[in-house]
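Okay, here's what each chain looks like letter by letter:
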Amino acid sequence: MHDSTKGTVEEPRIQFENDMIRLVFCGARNSGKSTLLMNLIKDIKIISQDEDSDENVSKVENSDDLTWHYFSTLRRKYVVADIPGADTQLKNLVTAASIADVAVIITDASKSIQPQTKHQTYLAKLMGIHKFIHVVTKMDLCNFRQEDFNTACQDFINFASSIDLLDIITIPVSPKSQVYLSTLPDSLDWYDGPSLCEALESIDVNFLKPSSFRMAVQQVYKSDDGHQLLRGTMVSGIISVGSDVRIEPGGQTSKIKQILGPNGSLEKVSSGQSISLELTDDQEVVRGNMLGDPLTPPSVSDQFAAHIVWLDAYPMIPGRNYEIRMPTIQASAWVTELNHIIDIDTLETQVAEELSCNQVGYCNLSTDRDLAFDSYNYNRFTGSFLIIDKQSNNTAGAGVINYPLDKSANLTWQHMSINKRERSLALKQNPKVLWFTGLSGAGKTTVADRLEKKLHAMGTHTYLIDGDNVRHGLNRDLGFTQGDRVENVRRVAELAKLMVDAGLVVIVTLISPFRAEREMARELLESGEFIEIHVSTPLHVCQQRDPKGLYKKALKGELLNLTGIDSSYEKPLAPDIKIDCTLDDPDSLAEHIIAFLASREQ
């Protein structure tokens, strides 16, 4: 199994109250961020009218690798995610920024804007934060000169304007002496803006809340009197008894007959509340459906464009099968096109074949079913998703949806009169795929050829898809990069699926070095139709045989990306059949496979 980041990105397991202002504090290493945050909390406690009130007690909680600070004033409650300045991983920032209202970006008055500060600011905006407070710290070290402050302001504004970030408040402070956290010192008489405390107290975050009703259905159940109830959390909007609703995917419409909260019936509810809804009629609703406003419904598609922040040590390969998770639903998905990656330092776009750890890419994605979602700019809750590596089950990336792609809007699957079952009955056999995987020279084609010959003699209708042969036609446009290898396997898997639908026993001989692609091929078929055969001949034996001279060329540096030499091979963890051509002859191995197939038919 390939290496992967151990952490995952998910909604923090910290309990937030609806009226809390959620902040992220970001800054490059040695910018004074942590000192500023600690002094800010102390300063707020000092100026509070009632320090001993429970409303003013501060506390700290940890969730995974993040530290969350809670504090209150008489007017507001705050929770702050402290992003480590030396953190080279983007996981923490993506986690916190995805649910934050305001980003506080700290820069050093004596330095120009740092690359990490650019990364943090860009990602905070990408993850949906629109309100920014730029704090120029360490003003005492430059004797509170206005020129230094203006230079730091302009430096940050130049970058911010390049990413269309306009709503910025800039404040000078000195964390060591607590200068200008809450009051104006004489040394800053040239500054007439708000203090940091005042800015936090007055900042308006209500306009950020989406207005259209959205509720992802988490459970469908029956009430005591037999009525269908839909349970979920309202992520946006306001609804009342009698409101019209639309159910997606599907497009059915209905009205709300009853709203049930934790303490009984309600006439009206707003976002953030967990409720159960009874509709005026029993519609076909399942977990994962989304309820929305019929006048502004969510988009429904199996394709969309999105920005993806990649967090896995193993790169994202277009065409590879991943799992995406959205509120209450998950689906298989793959990147159909990596349009470009974004250099955060220069904001230039670059062509790339894969997306590496800590890179941001703009991609087209396709899923195995229709999903209901919104643009992330319209609704952060219904426009975001996580990408899960199916092999490690780790969170590999986080994405924000830009808009649906309508390439398949006019395409529907045509159901034919004759189906796979009837073709199988006519051929008197159960169709399946026998997928041979192993290193070059392991003996895959040799054993597969003997196997097909024996099956044909038994009256079995077969077809053998050989990895070399298919590259002379269907896949002649593909090379041997990781991306091309993924696409090579995908095409062969789709071809094999069509042949299984025709009722055939399909034999595939393909190195298929990556588990993810072999698992993708298995998922295309029905249970029991995919049989993985690992030809486990050791590498040193394959090198000795070297029937095509590939290993000799690779070892001389004349051939790149040869599996087993400078391109990895991920062995099957639990193949259906494992054979070794050094332990038996091809005919005996073919008989062994036939015996296995016969035992499966009983």
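Residues numbered from 1 in each chain as written. Predicted model: local features only at pLDDT ≥ 70, side-chain atom pairs only at ≥ 80, totals over all residues. Heavy atoms only, no water.

## Comments concerning the overall build of the chain
So, point 1. Within the chain, the secondary structure is distributed over 13 helices and 28 strands.
So, point 2. For the chain, buried positions account for 51% of its 602 residues.
So, point 3. Restricting to contacts in the chain with at least 6 residues of sequence separation, those with at least 24 account for 73%.
So, point 4. In the form shown here, the chain has an accessible surface area of approximately 28,100 Å², with 48% of it arising from carbon and sulfur atoms. (Helix = DSSP H or I, 4+ residues; strand = E, 2+ residues; numbered from the N terminus. Buried < 20%, exposed > 50% of the residue type's maximum accessible area, 1.4 Å probe, protein only. Contact = heavy atoms within 4.5 Å. Areas by Shrake-Rupley, 256 points an atom, 1.4 Å probe, with all protein chains shown as cover.)

## A word on the pattern of salt bridges
Opposite charge on two side chains makes pairing possible when the charged atoms of those side chains draw close.
So, point 1. Evaluation of the coordinates by the stated rule reveals 28 salt bridges.
So, point 2. Its salt-bridge partner being Asp-468, residue Lys-548 comes within 2.4 Å of it at the nearest N-O pair. Here Asp-468 lies in helix H8 (residues 467-470) and Lys-548 lies in the loop between helix H11 (539-545) and helix H12 (550-555), a separation of 80 residues in the sequence.
So, point 3. A residue is classified by how much of its surface remains accessible, and Asp-468, at 39% relative accessible area, is partly exposed.
So, point 4. Arg-490 is the salt-bridge partner of Glu-487, the closest N and O atoms lying 2.9 Å from each other. Here the residue Glu-487 and the residue Arg-490 both occupy positions in helix H9 (residues 482-501), the gap between them amounting to three residues, near one helical turn.
So, point 5. Here the salt bridges do not stand alone but share partners, grouping Arg-518, Glu-519, Arg-522, Glu-532 and Asp-576 into one network. (Salt bridge = Lys/Arg side-chain N within 4 Å of Asp/Glu carboxyl O.)

## Some words on the side chain of Ser-223
So, point 1. For Ser-223, the location among the structural elements is in the loop between strand E8 (214-222) and strand E9 (228-236).
So, point 2. Here Asp-225 takes part through its side chain, which lies 2.2 Å from a polar atom of the side chain of Ser-223. (Polar contact = N/O pair within 3.5 Å; in protein donor to acceptor, adjacent residues only side chain to side chain.)

## Observations concerning helix H4 (residues 146-162)
So, point 1. With 17 residues, H4 extends 24 Å between its outermost C-alpha atoms, agreeing within 8% with the 24 Å of an ideal straight helix rising 1.5 Å per residue.
So, point 2. Among the residues making up H4, those that are buried are Phe-149, Ala-152, Cys-153, Phe-156, Phe-159 and Ala-160. The arc that holds every buried residue of H4, seen down its axis, measures 135 degrees, which confines them to one face. Residues of H4 that are exposed and angled more than 90 degrees away from the buried face: Glu-147 and Thr-151.
So, point 3. Buried residues belonging to H4 abut strand E5 (102-108), helix H3 (115-126), strand E6 (131-137) and strand E7 (168-172).
So, point 4. Where H4 terminates, the next one or two residues include Asp-164, which has phi positive at roughly 60 degrees. (Expected span 1.5 Å × (residues − 1). Arc of directions from axis to C-beta.)

## Observations concerning unusual backbone geometry
So, point 1. Cis geometry is found at the peptide bond from Glu-248 to Pro-249, where omega equals -10 degrees.
So, point 2. When you line up the elements, Pro-249 lands in the loop between strand E11 (244-248) and strand E12 (252-261).
So, point 3. Positive phi, normally seen in glycine, also occurs at Ser-512, with a value near 35 degrees.
So, point 4. Relative to the helices and strands, Ser-512 resides in the loop between strand E26 (505-509) and helix H10 (515-523).
So, point 5. When its relative accessible area of 3% is taken as the criterion, Ser-512 is described as buried.

## As for the pairing of E6
So, point 1. Burial runs high along E6: seven of the seven residues are buried.
So, point 2. The side-chain alternation of E6 yields two buried faces, one formed by Lys-131, Ile-133, Val-135 and Thr-137 and the other by Phe-132, His-134 and Val-136.
So, point 3. The sheet contact formed by E5 and E6 spans seven bridges and is parallel. Counterpart to Ile-106 in the pairing with E6 is Val-135.
So, point 4. Handedness of the β-α-β unit built from E5, H3 and E6 comes out right-handed. (Pairing = 2+ DSSP bridges. Right-handed = clockwise from strand over helix to strand, strands pointing away.)

## Regarding H9
So, point 1. Between the first and last C-alpha of H9 there are 29 Å, a value that for 20 residues agrees with the 28 Å anticipated at 1.5 Å per step.
So, point 2. Within the span of H9, buried status applies to Arg-485, Val-486, Glu-487, Asn-488, Val-489, Val-492, Ala-493, Ala-496, Met-499 and Val-500.
So, point 3. At its buried positions, H9 is contacted by helix H6 (420-427), strand E24 (432-437), strand E25 (462-466), H8, E26 and H10.
So, point 4. Gly-503 occupies a position one or two residues after H9 and carries a positive phi of about 95 degrees.

## As for the confidence of the model for the chain
So, point 1. Averaged over every residue, the pLDDT of the chain is 86; residues scoring 70 or more account for 89%.
So, point 2. Note on residues 1-16: pLDDT under 50 across the span, and 55 contacts to partners over four residues away in sequence or across chains.
So, point 3. Scored below 50 in pLDDT, residues 53-57 makes twelve contacts in the model with residues more than four places away or belonging to other chains. (pLDDT = per-residue confidence, 0-100.)

## Focus: the packing of H9 against H10
Two quantities define a packed helix pair, namely the angle between the axes and the distance from one axis to the other.
So, point 1. Between H9 and H10, the least distance of the axes is 10 Å, while the angle of their chain directions is 15 degrees. As the angle between them shows, H9 and H10 are arranged roughly parallel. Here the hand of the crossing between H9 and H10 comes out right-handed. Contacts from Val-486, Val-489, Arg-490 and Ala-493 of H9 reach H10 at Glu-517, Met-520 and Ala-521. (Axes fitted to C-alpha atoms, helices over the stretch in contact; angles between N-to-C directions. Parallel < 35°, antiparallel > 145°, perpendicular 65-115°, else oblique. Left-handed = near helix turned anticlockwise from the far one by under 90°.)

## A few points about the nonpolar core
So, point 1. Of all hydrophobic cores here, the largest spans 41 residues; its most connected members are Val-24, Trp-68, Tyr-122, Leu-123, Ile-129, Val-309 and Val-360.
So, point 2. Both of domain 1 (20-202) and domain 3 (299-404) provide at least three residues apiece to this core.
So, point 3. Beyond its immediate sequence surroundings of up to four residues, Tyr-122 is in contact with Phe-159, Ile-163, His-307, Ile-342, Ile-344, Leu-347 and Val-360.
So, point 4. Among the nonpolar cores identified, the runner-up in size contains 34 residues, and Ile-106, Ile-171, Leu-188 and Leu-200 belong to it. (Core = buried A, V, L, I, M, F, W, Y, C linked by side-chain atoms within 4.5 Å. Domains from an automatic or database assignment.)

## Some words on the sheet that holds E24
So, point 1. In spatial order, the strands read E25-E26-E24-E27-E28; together these five strands make up an open sheet with parallel pairing. Either end of the sheet is taken by a strand with one partner, and the two such strands are E25 and strand E28 (577-579). Here the average twist between neighbouring strands, direction ignored, is 20 degrees.
So, point 2. Direction of pairing for E25 relative to E26: parallel, over a ladder of five bridges. If you follow Tyr-463 over to E26, its bridge partner there is Val-506.
So, point 3. Against the sheet, helix H13 (residues 586-601) makes contact with E24, strand E27 (530-535) and E28, and its axis sits at roughly 170 degrees relative to E28, the strand it touches most.

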